[in-house]
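Inside the fold
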Amino acid sequence: MSEINEYSTDEQIVKKVIKGEVRLFKHIVDRYENKIFSIGMRLFKNYDDSYDFTQEVFLKTFEKIDMYRNKGQFRFWLTKLAYNHGINKLGSIKKDVSLNNEILDEKSITPDKLHLKNEIKDILAAEINRLPEKYRICLDFYFFMGLSYREINEITHIPVNTIKSNVFRAKDVLLKRLKGTIAEDYNEM
Amino acid sequence: MKCNEAIEHFLKLDRYEKPAVKVRIHIFLCKDCRRETRLVAESLIALQTGSSFKLESGISNNIMEAIGAEQCPQRRDVSSFKWLFVWVLILASIIAVPYNKQLGFLRMHFGVNFELPFVIVMGLAITLYSVIYIATHVEEIKNSVSFYDKK
């Protein structure tokens with residue numbers, strides 16, 4: 001029987017899925033559905049397209065899972081696959097691919113739509129929304145997907161220095177806003 | 001080193017990147033910087049469990065149903081090495097057959113005409129085995145070919 005639990009790494013789960021324990025793929029979906037959906041929201045800016053996009057990404061991931069060869073982190077491989085699929089889908093539905101300086105629909109930036117449950121996430125969400133649209137996804141990739149500057153550059157082709165300066169600004173704001181808050185009090189204990 | 005320089009250096013670090021020694025020394029000696037860097041580091045860890053947007057309801061059941069409906073082929077659990085090993089074993093057996101005493105006995109009874117059908121059957125066996133391997137490893141072979149093409 002499989003010894004997979006909530007503490008198992010993605011790579012351990014994927015290895016078992018490749019060996020035939022298909023039902024374990026559910027763990028991967030549970031872990032990443034909101035993250036992939038967020039990529040969809042950044043690209044398509046509406047719930048329905050993002051929902052379809054999320055389903056398509058996971059089905060594609062399952063189809064191609066044999067091609068993940070344990071080189072690097074699974075989440076990087078998944079993010080790259082999702083981003084490329086999103087860009088292709090954007091092109092195919094002939095929406096504006098440039099993403100320059102657009103803002104999200106009012107309803108998609110309202111707090112009740114955001115999955116940012118605590119203080120830290122709220123601060124970061126506000127900072128992300130201040131950025132030009134095309135850079136927001138970089139902060140998503142850095143803070144929520146746990147990718148490095150180089151990995152984000154490899155996926156999005158946005159220059160490393162641009163990614164670095166946006167992440168730096170977000171971290172700086174995060175730190176300034178966290179000082180003297182509950183989070184700091186907690187940290188003191 | 002001043003506190004603001006140390007913090008700036010710390011904030012510019014990439015994920016998993018370690019601060020320079022002089023920054024580490026400053027953080028170690030300065031209580032305020034130590035607290036601030038810990039605050040940022042812990043926040044970064046906490047953020048990884050989140051996302052910017054949330055689905056109204058989970059989709060994992062839909063995905064698992066779709067995967068089932070697609071009737072995906074049984075995933076392979078035999079390594080390529082094992083396949084190759086068995087292939088070599090079959091080939092070695094074919095090569096060793098003429099030296100087998102039983103075959104000498106059959107040849108004695110049925111004459112030289114026995115050899116041709118025998119070789120054909122053995123050839124078909126190894127061809128069939130190779131075909132099964134290729135059919136179950138198409139993606140892998142395609143990837144390997146494209147990998148060497150790129151080189």
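Now for a quick tour of the structure. Keep in mind it's a predicted model, so treat the numbers as computed, not measured.

So, about the overall build of chain A. Counting secondary structure elements, chain A contains 10 helices and zero strands. Going from the N terminus to the C terminus, chain A shows its helices and strands as α-α-α-α-α-α-α-α-α-α. Relative to its full complement of 189 residues, chain A shows a buried share of 52%. A separation threshold of at least 6 residues defines the contact pool for chain A, and within that pool the share at least 24 residues apart is 62%.

The subject of this paragraph is the environment of lysine 12 of chain B. One can find lysine 12 of chain B in helix H1 (residues 3-12). With relative accessibility at 36%, the residue lysine 12 of chain B sits in the partly exposed group. Excluding anything up to four places from it in sequence, lysine 12 of chain B contacts Tyr149, Lys164 and Phe168 of chain A.

As enumerated under the stated definition, the model contains 13 aromatic pairs over all chains in all. Measuring from ring centre to ring centre gives 6.0 Å for tyrosine 83 of chain A and phenylalanine 141 of chain A, while their planes differ by 75 degrees; the resulting arrangement is edge-to-face. Pair noted here: tyrosine 83 of chain A is in helix H4 (residues 74-92) and phenylalanine 141 of chain A is in helix H7 (residues 133-144), with a separation of 58 residues, a long-range link. Like tyrosine 83 of chain A, the residue phenylalanine 141 of chain A is buried in the burial classification. Each residue in the set Tyr32, Tyr68, Phe74 and Trp77 of chain A is aromatic and connected to the rest through ring pairs, giving one cluster. Taking NZ or CZ as reference, lysine 12 of chain B lies 5.5 Å from the ring centre of phenylalanine 168 of chain A, over its face. When the ring centre of tyrosine 142 of chain A is taken as origin, the NZ or CZ atom of arginine 15 of chain B, which lies over that ring, is 4.4 Å away.

As a further point, take the interface of chain B and chain A. Opposite the 45 residues of chain B that make contact, chain A presents 62 residues. Here chain B is connected to chain A by 21 residue pairs in polar contact (both at pLDDT 80 or more). Where the side of chain B that touches chain A is concerned, the elements lending two or more residues are H1, helix H3 (31-47), helix H4 (60-69) and helix H8 (138-150) of chain B. Sorting elements by how many residues they give to the side of chain B that touches chain A places H3 of chain B first, with 10 residues. Considered class by class, the residues forming the side of chain B that touches chain A number 17 nonpolar, 12 polar and 16 charged.

All names here are of chain A. All told, the structure shown has 10 salt bridges over all chains when counted by the stated rule. Ionic pairing is found between aspartate 30 and lysine 26, a salt bridge with its closest N-O pair at 3.5 Å. Of this pair, aspartate 30 and lysine 26 both sit in helix H2 (residues 25-44), separated by four residues, roughly a single helical turn. Across the pair aspartate 172 and lysine 176 runs a salt bridge whose closest N-O atoms are separated by 2.8 Å. Within this pair, aspartate 172 and its partner lysine 176 are both found in helix H9 (residues 160-178), separated by four residues, close to a single helical turn.

Our next topic: unusual backbone geometry. A positive phi is found at lysine 45 of chain A, a non-glycine position, where the angle reads about 60 degrees. In this model, tyrosine 16 of chain B sits at a positive phi of 65 degrees, which is unusual for a non-glycine residue. Structurally, the position occupied by tyrosine 16 of chain B is in the loop between H1 and helix H2 (21-29).

Turning next to the nonpolar core. Counting 78 residues, the largest nonpolar core has Phe25, Ile36, Ile39, Phe58, Leu124, Phe141 and Phe143 of chain A as the members making the most contacts within it. Per-element accounting of this core gives the leading share, 10 residues, to H2 of chain A.

Residue and element names in this part refer to chain A. The terminal C-alpha atoms of helix H3 (residues 47-63) lie 24 Å apart, and with 17 residues this matches the ideal 24 Å at 1.5 Å per residue to within 8%. Among all positions in H3, only Tyr47, Asp49, Ser50, Tyr51, Phe53, Thr54, Val57, Phe58, Leu59, Thr61 and Phe62 are buried. Where H3 begins, the capping side chain belongs to asparagine 46, and its oxygen is found 3.2 Å from the backbone nitrogen of aspartate 48.

When you line up the elements, serine 43 of chain B lands in helix H3. By relative accessible area, serine 43 of chain B is classed as buried at 2%. Within the structure, serine 43 of chain B has its side chain in polar contact with the backbone oxygen of leucine 39 of chain B (distance 2.6 Å). Residue contacts for serine 43 of chain B: discarding those within four places in its chain leaves Ile120, Leu174 and Leu178 of chain A.

Moving on, we come to the environment of glutamate 6 of chain A. Residues and elements named next belong to chain A. Topologically, glutamate 6 is positioned in the segment before helix H1 (10-18). Using a relative accessible area of 64% as the deciding quantity, one classes glutamate 6 as exposed. Between the C-alpha atoms of glutamate 6 and histidine 27, which are 21 residues apart in sequence, the distance is 8.1 Å.

Conventions we followed
- Residues numbered from 1 in each chain as written.
- Chains lettered and ligands numbered in written order.
- Predicted model: local features only at pLDDT ≥ 70, side-chain atom pairs only at ≥ 80, totals over all residues.
- Heavy atoms only, no water.
- Helix = DSSP H or I, 4+ residues; strand = E, 2+ residues; numbered from the N terminus.
- Buried < 20%, exposed > 50% of the residue type's maximum accessible area, 1.4 Å probe, protein only.
- Contact = heavy atoms within 4.5 Å.
- Phe/Tyr/Trp six-rings, centres within 6.5 Å; stacked < 30°, edge-to-face > 60°.
- Lys NZ or Arg CZ within 6 Å of the ring centre and 35° of its normal.
- Polar contact = N/O pair within 3.5 Å; in protein donor to acceptor, adjacent residues only side chain to side chain.
- Nonpolar A, V, L, I, M, F, W, Y, C, P; charged D, E, K, R; others polar.
- Salt bridge = Lys/Arg side-chain N within 4 Å of Asp/Glu carboxyl O.
- Core = buried A, V, L, I, M, F, W, Y, C linked by side-chain atoms within 4.5 Å.
- Expected span 1.5 Å × (residues − 1).

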